[in-house]
Every structure is written in structure tokens, then in C-alpha cells.
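Coordinate inspection notes
The primary structure of each chain is shown beneath.
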Amino acid sequence: MIRSKRVNQVYRPIKKNAGLELDPIFNNGRVYFYSLGRWALFHGLQALGLEAGDSVLLPEFICRDLLAPLNKLGLKIHYYSLDKNLNPQLKGIDLPVAKAIIAVNYFGFACDLSPFREYCKHHQAFLIEDNAHGFLSKDPDGNWLGCRGDLGIFSFRKTFPLSDGAALYFSKEVELVKEPMSLAPREKSSRDFLSPKELIRNVGGFFGPSGIQLATKCLRLARKVVSGKEISSADHDDPAPELEIPTELAPLDMKKYLSEFDSVEETAKRLELFNEIGELLKGQDCRPLHSSLPSNCVPYSFAFFSSDAAIGRIKEVLRKKGLECFNWPELPLAVRKNAPDIYNQLWLVRWVW
Ligand SMILES: Cc1ncc(COP(=O)(O)O)c(C=O)c1O
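So, here is what we can say about the structure in this document.

Analysis parameters
Residues numbered from 1 in each chain as written. Predicted model: local features only at pLDDT ≥ 70, side-chain atom pairs only at ≥ 80, totals over all residues. Pairing = 2+ DSSP bridges. Helix = DSSP H or I, 4+ residues; strand = E, 2+ residues; numbered from the N terminus. Near = placed C-beta within 6 Å. Nonpolar A, V, L, I, M, F, W, Y, C, P; charged D, E, K, R; others polar. Core = buried A, V, L, I, M, F, W, Y, C linked by C-beta atoms within 7 Å. Buried ≥ 20, exposed ≤ 12 C-beta atoms within 10 Å, placed from the backbone. Contact = placed C-beta atoms within 7 Å. Axes fitted to C-alpha atoms, helices over the stretch in contact; angles between N-to-C directions.

1. Some remarks on the sheet that holds strand S9 (residues 302-305)
- Pairing in this open sheet of four strands is antiparallel, and the strands run S8-S9-S11-S10 from one edge to the other. On the outer flanks of this sheet lie strand S8 (287-288) and strand S10 (325-327), each paired with one strand and no other.
- Where S8 lies against S9, two bridges are found, and the strand directions are antiparallel. Bridge pairing links Arg 287 to Phe 305 in S9.

Take a look at the structure:
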């Protein structure tokens, strides 16, 4: 197996003393840190003054976990649809009136916010930018993703191998009904090294994404030997992930731990991986969501559409390079029933898990 230098760096990002700084990104607004992006959204919606019974509009193409903060607050959920390139369909459509609308920067690519701004102006709604995937990305005009709306959420743990870490950003202009609650940051502890997920990342991740797969298999086998039971796979019809957020924990001290990483190398790694995977999948029976990188984009993964018939061969091609892909997202139950095929055909070559 020939693995590129960058694939080997997926779980071992290049470190640097006094590296990545958060202040230049967030200094035009206010920022609060959380363990998960879902908690950031929960506290953000409360701070904006949204109450039970208020409506929020979000894309149909979304991971169903994101519904939990909305359901916990008793908000009504409405959806807007997307076209075959995942562009939101907002124009000329009779959309429900909502107090807030969520735009998503899928996979670190800037969403065009102009139709969202129009909607917000028309309905006096808040614009929420879900930037869970887009830390370090900017739009082509040089604006940091996640800082372009009234409220933005970040999930650093999706782009760096950290056990938790998310942020909630408010623009200076937005008036908050109350100060968002946030827990004091914590230092790393045994749970950041010894929990099953961290063990897999620390040991398996040394060998890149394929090492993660092997380490996961070994851990599952060890559990089966000790407990005598298989680890049951997730029940996709269980509504719980749409209703409950995992327990809120104090977040890792993001300013400290992110400053260990070299942002220049991190950016270069993600750009090179995107281009390498694009080359690798040329000639395969699939359609990349983006065939090139817009300026200032720092992608989170390589996304492509593939049929069930073609995906086996593609997985094999990726595996030979130490890479893997998975189907994303797990759609909300309410969307799943009538989802267009395209929503079920997106695959991501995953980097950090
Ligand atoms: C687009 C998007 N937004 C938000 C989230 C929530 O982030 P977190 O897992 O940190 O709560 C996820 C993942 O679950 C996501 O994919």
C-alpha cells in the first residue's frame, strides 16, 4: 500500500509552538466554548431568545443529531430542500415563517448566504451559520466561515484529533436576550487518552485512517471476548439521537490545545488530500460534489456521489491508499421517508474521525 505523507498526517497533525491562534478569527464578535457543536447551538438559540413553539428552518440534508438542540428547546422544525449540487432552494419558494434559519457550510465549502440574508430581512429572522465542518475556511471574499451570520457554530473536534471542542460565535451586531451559559475550560485528563475512542485514535491513528479501522476491529473483538456480546450496531429508527444531546461536559481549553497545531501545515494537508483524492477517483464511477477548490476553502473531506453498485470498487481504490469513505448524513426520520435519491448517495472520504 502506498500512502502519501499527508494521509499519514491525518491523525498526527503537524505541531508547532505558538501555532494556530483563535483571536484573529473571532475578534469581530463574541465567542463561547463548548464540548459539542450541538451544545453550542442549544445555548446560542437560548441566548437569541428563541422559545418553545418558535420555528426554525433547516436543510433537509443534515445529520439528524443536529435536531436534538432544537427538540430540547421545544422548537418547531421546518425544512428547505437542496438541489443535486446541495445548493439550498430558497428563491421563489413559499417557505414557512421562522425565527431563525440555518445555513450549512457543507464540508468546509462556503454556502452562498445571499438568499438566506433575503429571507432574514423579509421575516426578521436570525441567520445561523452551521460551520461545524468549516474551521479555517474563508469565503472567496476572505470572510471567515462561521462568522458571517448572527450566530455561528464550530466543531473543532471534526477537523482536529481532539476528544471534544466546539464554539459558539455571535456577531457584534446581534442583541442577546441573555448571556449564554458556558462551563469553564478544562485541561486534558485520562479520558482524553484512555476512552475507547481516544485509544483507537492514539494507537490506530498512528497508521492513518486504515489503522483506525484495524484498531476499531481489535477493540470490538476484545470487548466481545471479555463480555461475550457483540457490540450492537446503531438502531437507525431510534428517535433518541434527534431528541437528546450527550451530557454536557466542560470543554477542553481550545485556545491552549489548538495553539499546538500548525495552521499553515494543516491547511496545506487538507488542500493536498483533497487534490490527491480527486486524482485518485478520476475515472471511477462517481461524481465529485466539487471538482475544484474555490479560493480560501480549506476542505474538511472529499465528497462525491456514488450508486450502491459502484461504491464497492471505489472503497477498494481508497483502501489501497489507506483511506476510507462513509455515507453521510444519517438523515432526520422526517426527511428519510420521501428523500430524493441524491440525499442518500453522498459519500465522504473521511479524514479525522
Ligand atoms: C453539519 C453539522 N453540524 C453540526 C454537527 C454537530 O456537531 P457536534 O457533533 O460537535 O455536536 C454535526 C455533526 O454531528 C454536523 O455534521
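And the narrative resumes.
2. Concerning the site of the ligand
- Every residue lining the ligand is accounted for by Leu 36, Gly 37, Arg 38, Cys 63, Asp 65, Leu 66, Val 104, Asp 130, Ala 132, His 133, Ser 155 and Ala 166.
- Residues of the shell around the ligand, tallied by class, amount to six nonpolar, three polar and three charged.

3. Examining the nonpolar core
- Core analysis: the biggest nonpolar cluster contains 87 residues, and Tyr 34, Ala 100, Ile 101, Ile 102, Ala 166, Ala 167 and Leu 168 have the highest contact counts within it.
- It is helix H3 (residues 37-48) that provides the largest number of residues to this core, a total of seven residues.
- Setting aside residues up to four positions removed in sequence, Ala 100 forms contacts with Leu 48, Leu 50, Val 56, Ala 125, Phe 126 and Ile 128.

4. What about unusual backbone geometry?
- A cis geometry characterises the amide bond from Trp 328 onward to Pro 329, with omega recorded as -5°.
- Within the secondary structure, Pro 329 is located in the loop between S10 and helix H13 (333-336).
- Even without a glycine there, the phi angle at Leu 86 is positive, about 65°.
- Take Leu 86: it is sitting in the loop between strand S3 (76-80) and strand S4 (100-104).

5. Comments concerning the sheet that holds strand S6 (residues 151-155)
- Taken in spatial order, the seven strands make up an open sheet running S1-S7-S6-S5-S4-S2-S3, and their pairing is mixed. Across the chains shown, the open sheet's two edge strands, defined by having one partner strand only, are strand S1 (29-34) and S3. In this sheet, adjacent strand axes meet at a mean angle of 20° when their direction is disregarded.
- Bridging between S1 and strand S7 (residues 166-171) involves six bridges; their strand directions are antiparallel. The residue of S7 that forms the bridge with Phe 33 is Ala 167.

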